[in-house]
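Analysis of the macromolecular model
Here are the chains, one letter per residue:
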Amino acid sequence: MNRLTLVHAPTPLVTRERLSEQLGIELWIKRDDATSGAESGNKIRKLEFLLADAVAKKSTVVLTCGGIQSNHARATAIVCAQLGLKCVLFLRVDDLSAALPRSGNVALDRLVGAEIRLVTRAEYADRVNVLDLAAKELASKGETPYVIPEGGSNGLGAFGYVEAMREVRSQIAADERFDFVAHACGSGGTAAGIALGAAKFDVAGTVWVVAVCDDRAYFEAVIARIVAEAQKLDSSLSTCAKVVVDDASRGPGYAVMSEEQLVFLRKVARSSGVILDPVYTGKALFGLAQAVERGDIKRGARVLFVHTGGLPGLLADDSVLEPDA
Ligand SMILES: *Cc1c(COP(=O)(O)O)cnc(C)c1O
């Protein structure tokens, strides 16, 4: 399988004593917020496979989509600039006439010269067709387009997280494993890759998947589809860890935290220096803490939390600070 080297691997695997105590578990953090520089986060693990495929197919332009402050869109735009590929981003906004933000992920998209096409929520719901139509139009103009689905989440992208589990295996003793791997889920590709990789490399028996937007039924179906796609591409991925989709910590909406979640995010930052973002990792670690509180994860369990990144989005959202800070 074609693969680029984008990740500075292995990313650190660390413990944070006060955070472990606060949560009541043996917490290990896989620092995938530190996979690289400005393009950091979980998405470049998927892009190692997706953009290698784009290059192998002699593509000239890459199309993808996401929310206005999409980490995936930003990572894709930056790596495309590194590879000399054009990049077209379809970004979802509530108001097409509002000015484009000059901060966070979008600022980086603009800095590296990605073409940004804003789409409404209704158009975004039809994103597969929107991307497909735009690709056809570019092809008719002599380009060779390569479409990456939302979040880079398909069977090929999922290999990035199968390989991340191989990496974790190389960082722990032969007889060591975790009770759970826990992480934030927004488009399902990370969950699918972790579930396959955790089984293949005997890293953990269960993946605790914290949904940040859609509900359990939605993500169970999406993850199952991506797992099946990956298994079709690689027959060695015959087994899959147990996937538990936890949709109890989604908060008020995508990219919006409850007051309780904001308080948690601040407390974690102050007590341990672990910086979580409000869209993904903050909700994921909050969800994990709640699962321990409820007794769904037993106290003292050995948990690998995958920190998937999201710093640019945090820097564009001042709601994480107390109003009078
Ligand atoms: C995209 C993203 C996720 C979710 O990963 P999916 O594979 O889309 O489910 C989690 N955390 C961060 C910071 C992300 O950017």
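The structure contained in this document is the topic of the report that follows. Small disclaimer: the values here were computed from a predicted structure and weren't measured. Each chain has its residues counted from 1, running along the sequence as written. Thresholds applied to this predicted model are a pLDDT of at least 70 for local features of residues and 80 or more for the giving and counting of side-chain atom pairs; totals over whole chains, interfaces and linings are not thresholded and use all residues. Side-chain calculation: all heavy atoms of the structure are included, whereas hydrogens and water are not.

**Some points on the packing of helix α7 (residues 155-171) against helix α8 (residues 189-200)**
- For helices, the axis comes from a line fit to the C-alpha atoms of the stretch in contact; other axes are also lines fit to C-alpha atoms, and the angle between any two N-to-C directions lies between 0 and 180 degrees. Numbering of helices and strands runs from the N terminus; a helix is a DSSP stretch of H or I covering at least four residues, while a strand is a stretch of E covering at least two. Close contact between α7 and α8 brings their axes to 7 Å; oriented N to C, the two are set at 40°. In terms of orientation, α7 and α8 fall into the oblique class. Crossing of α7 over α8 shows right-handed handedness. Contact residues: α7 offers Ala158, Tyr161, Val162 and Met165, while α8 offers Gly189, Thr190, Ala192, Gly193, Ile194, Leu196, Gly197 and Ala198. With respect to orientation, any angle under 35 degrees is reported as roughly parallel, any angle over 145 as roughly antiparallel, any angle of 65 to 115 as roughly perpendicular, and every other angle as oblique. Should the near helix be turned anticlockwise from the far one by less than a right angle, the crossing is left-handed, and should it be turned clockwise, the crossing is right-handed. Whether two residues touch is decided by their heavy atoms; if any such pair falls within 4.5 Å, the residues are in contact.

**Some details on the packing of helix α2 (residues 43-56) against helix α3 (residues 71-83)**
- Two elements in contact, α2 and α3, have axes whose closest approach is 10 Å; the angle formed by their N-to-C orientations is 45°. The angle between α2 and α3 falls in the class oblique. Of the two possible hands of crossing, α2 and α3 adopt the one that is right-handed. Two secondary-structure elements touch here, α2 through Lys43, Ile44, Leu47, Leu51 and Val55 and α3 through Asn71, His72, Ala75, Thr76, Val79, Cys80 and Leu83.
- When residues are sorted by character, Ala, Val, Leu, Ile, Met, Phe, Trp, Tyr, Cys and Pro go into the nonpolar class, Asp, Glu, Lys and Arg into the charged class, and all the rest, Gly among them, into the polar class. In terms of residue class, the contact of α2 with α3 is made up of 8 nonpolar, 3 polar and 1 charged.

**Considerations on the layout of surface pockets**
- Roughly 600 Å³ of volume is contained in the largest pocket.
- Considering the residues around the largest pocket, the lining is formed by 37 residues, among which Glu150, Gly186, Ser187, Tyr254 and Tyr280 are closest to the centre.
- Of all elements in the fold, only α2, β3 (61-67), α3, α5 (121-125), β7 (178-185) and α8 reach the threshold of two or more residues within the lining of the largest pocket.
- No other element matches the 4 residues that α3 contributes to the lining of the largest pocket. A 1.4 Å probe that fits but cannot get out identifies a cavity on a 1 Å grid over protein atoms alone, an open set with protein on both sides within 12 Å along at least five of seven lines counts as a pocket, and a residue lines either if it has an atom within 4 Å of a point. Grid points are joined across faces, edges and corners, and a volume is the space filled by probe spheres set on the points.

**Notes on helix α10 (residues 259-272)**
- To estimate how far a helix should reach, multiply one less than its number of residues by 1.5 Å. With 14 residues, α10 should cover 20 Å at 1.5 Å per step; its first-to-last C-alpha distance of 20 Å lies within 8% of that length.
- The set of residues buried in α10 consists of Gln261, Leu262, Phe264, Leu265, Arg266, Val268 and Ser272.
- Looking one or two residues past α10, Gly273 carries a phi angle of roughly 75°, positive in sign. Each residue is placed in one exposure class: buried if its accessible area under a 1.4 Å probe, protein chains only, is under 20% of its type's maximum, exposed if it is over 50%, and partly exposed if it falls in between.

**Things to note about the pairing of strand β8 (residues 204-211)**
- The buried fraction of β8 amounts to 7 of the 8 residues, a majority that puts the element mostly inside the structure.
- In this scheme, strands are said to pair when DSSP sees at least two bridges between them. Strand direction decides the pairing type here: β7 and β8, joined by 7 bridges, are parallel. Residue pairing across strands places Cys185 opposite Ala211, the latter belonging to β8.
- When the strands point away from the viewer and the path from the first strand over the helix to the second turns clockwise, the crossover is right-handed. Assessed by its sense of winding, the connection that carries the chain from β7 through α8 to β8 is right-handed.
- Following the backbone out of β8, through helix α9 (residues 216-233) and into the adjacent parallel strand β9 (residues 242-246), one traces a crossover that is right-handed.

**Description of unusual backbone geometry**
- Residues Ala9 and Pro10 are joined by a peptide bond in cis, for which omega reads -5°.
- Tracing the backbone shows Pro10 in the segment before β1 (13-15).
- At Lys58, a position not held by glycine, the phi torsion is positive, near 55°.
- Looking at Lys58, the relative accessible area reads 68%, which means it is exposed.
- Despite not being glycine, Ala255 shows a phi value in the positive range, around 65°.
- Within the secondary structure, Ala255 sits in the loop between β9 and α10.

**Observations regarding the sheet that holds β1**
- Strand order across the open sheet formed by 6 strands is β1-β2-β10-β7-β8-β9, with mixed pairing between neighbours. Every interior strand has two partners, whereas the edge strands, β1 and β9, have only one. Put simply, the sheet's adjacent strands are angled 25° from each other on average, direction ignored.
- Where β1 meets strand β2 (residues 26-31), 3 bridges bridge the pair, whose relative direction is antiparallel. Bridge pairing in β2 places Thr15 opposite Trp28.

**Considerations on the site of the ligand**
- Here, proximity means that at least one heavy atom of the residue falls within 4 Å of the molecule or strand. Of all residues adjacent to the ligand, which total 16 residues, the nearest are Lys43, Lys46, Ser187, Thr190 and Thr308.
- Whenever two N or O atoms come within 3.5 Å, that pair is a polar contact, provided that in protein one can donate a hydrogen and the other can accept it, and provided that, for residues adjacent in sequence, both atoms are side-chain atoms. In this structure, Gly186 approaches the ligand through a main-chain N or O atom, which is 2.8 Å from an oxygen atom.
- In this structure, an oxygen atom belonging to the ligand sits 2.5 Å away from a side-chain N or O atom of Ser187.
- Notes on the ligand: free accessible area 380 Å², of which the protein chains cover 98%.
- Judged by its atoms lying within 2 Å of the grid points, the ligand is housed in the largest pocket.
- Broken down by secondary-structure element, the contributors of at least two residues to the shell around the ligand are α2, β7 and α8. Using the Shrake-Rupley algorithm and a 1.4 Å probe, accessible areas are obtained, with residue cover drawn only from the displayed protein chains. In this scheme, a molecule is assigned to a cavity or pocket if more than half of its atoms are within 2 Å of the grid points.

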